[in-house]
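Results of the structural survey
Below are the chains, spelled out letter by letter.
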Amino acid sequence: AAGVIQSPRHLIKEKRETATLKCYPIPRHDTVYWYQQGPGQDPQFLISFYEKMQSDKGSIPDRFSAQQFSDYHSELNMSSLELGDSALYFCASSLNRDNEQYFGPGTRLTVT
Amino acid sequence: AQSVAQPEDQVNVAEGNPLTVKCTYSVSGNPYLFWYVQYPNRGLQFLLKYITGDNLVKGSYGFEAEFNKSQTSFHLKKPSALVSDSALYFCAVTLSGFQKLVFGTGTRLLVSP
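What counts and what doesn't
Residues numbered from 1 in each chain as written. Chains lettered and ligands numbered in written order. Predicted model: local features only at pLDDT ≥ 70, side-chain atom pairs only at ≥ 80, totals over all residues. Heavy atoms only, no water. Pairing = 2+ DSSP bridges. Helix = DSSP H or I, 4+ residues; strand = E, 2+ residues; numbered from the N terminus. Axes fitted to C-alpha atoms, helices over the stretch in contact; angles between N-to-C directions. Contact = heavy atoms within 4.5 Å. Buried area = accessible area lost by both parts, 1.4 Å probe. Salt bridge = Lys/Arg side-chain N within 4 Å of Asp/Glu carboxyl O. Disulfide = S-S within 2.5 Å. Buried < 20%, exposed > 50% of the residue type's maximum accessible area, 1.4 Å probe, protein only. Phe/Tyr/Trp six-rings, centres within 6.5 Å; stacked < 30°, edge-to-face > 60°.

1. Re the sheet that holds strand β1 (residues 5-7) of chain A
Residue and element names in this part refer to chain A. Strand order in this open sheet of 4 strands is β1-β3-β8-β7, and the pairing throughout is antiparallel. In this open sheet, the two edge strands, each paired with only one partner strand, are β1 and β7 (64-68). The sheet shows a mean angle of 15 degrees between the axes of neighbouring strands, taken without regard to direction.

2. So, the interface of chain A and chain B
In this complex, chain A contributes 21 residues to the contact, which on the side of chain B involves 17 residues. Its largest share of buried area at the contact with chain B, chain A owes to Asp42, Glu100 and Phe103 of chain A, together 29% of the area lost on that side. Inspection of the chain A/chain B interface yields 1 salt bridge. Salt-bridge contacts for Lys49 of chain B lead to Glu100 of chain A; the nearest nitrogen and oxygen are separated by 2.5 Å. Elements represented by at least two residues in the side of chain A that touches chain B include exactly β4 (31-37), β9 (87-94) and β10 (102-103) of chain A.

3. Structural notes on the state of the cysteines
All names here are of chain A. Taken as a whole and judged by the stated rule, the model has 2 disulfides over all chains. Disulfide partner of Cys23: Cys91, at an S-S distance of 1.7 Å. Taking the torsion about the sulfur-sulfur bond, which here is approximately -50 degrees, the covalent link between Cys23 and Cys91 counts as left-handed. In this pair, Cys23 is assigned in strand β3 (residues 19-24) and Cys91 in strand β9, connecting sequence segments 68 residues apart. For the pair Cys23 and Cys91, one class covers both residues: buried.

4. Focus: the packing of aromatic side chains
Summed over all chains, the structure comprises 16 aromatic pairs over all chains. Aromatic pair Phe103 of chain A and Phe103 of chain B: ring centres 6.2 Å apart, planes at 70 degrees, arrangement edge-to-face. On the criterion of chain membership, the pair formed by Phe103 of chain A in strand β10 and Phe103 of chain B in strand β11 (residues 102-103) is interchain, its members lying in two chains. Looking at Phe103 of chain A, the relative accessible area reads 10%, which means it is buried. Residues Tyr36 of chain B and Phe46 of chain B carry aromatic rings whose centres are separated by 5.8 Å and whose planes lie at 65 degrees to one another, so their mutual orientation is edge-to-face. One end of the pair, Tyr36 of chain B, is in strand β5 (residues 31-38); the other, Phe46 of chain B, is in strand β6 (residues 44-50), with 10 residues separating them in the sequence. Under the relative-accessibility criterion, Phe46 of chain B is labelled buried at 17%.

In structure tokens, the structure reads:
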């Protein structure tokens, strides 16, 4: 069965650079969630979208922005990267907001 | 605000023995509870969920969980552990439907041969 696709899988950036992470949800899923998992930490919710509109916002820095496009894929844009942004970034999708979330493999971002 | 506690950082069990991974929750309402498993360098895999109904929920790979409202617990169980079950297990909760997940700190399960 098709799963959530995230690209790139690994990304290395320097401080103050920008990064764009992409998420392609499971076909027909219309809701996308972004989570950040620091080393040895549990995943923390960043932001979510339902039918291309932002539906909820968590502990997402102002330096980060995200959107969901007409084909339901989503992009997380991160600017002025800091060392502390190094983490595993997960995207999850669900069929509308009323079903369980399925996670992608994650993008490991390393900021040097 | 909702929260989840996983009191054990690690659980060790011998292959073939039953396993339990503990989870307690705190929400001001009716919780939606989930278990996810994470293998090294992999994403989170959905195991099972409780929304309403039967307190015993069966999920993937032979796992099950029991919802106990009076104890606000949702412990994960499996009758006979496999070495391949060794992984990091997260309990999670949402409120008012399937919204953002709030995760516990995770429990590492180590099944020895």
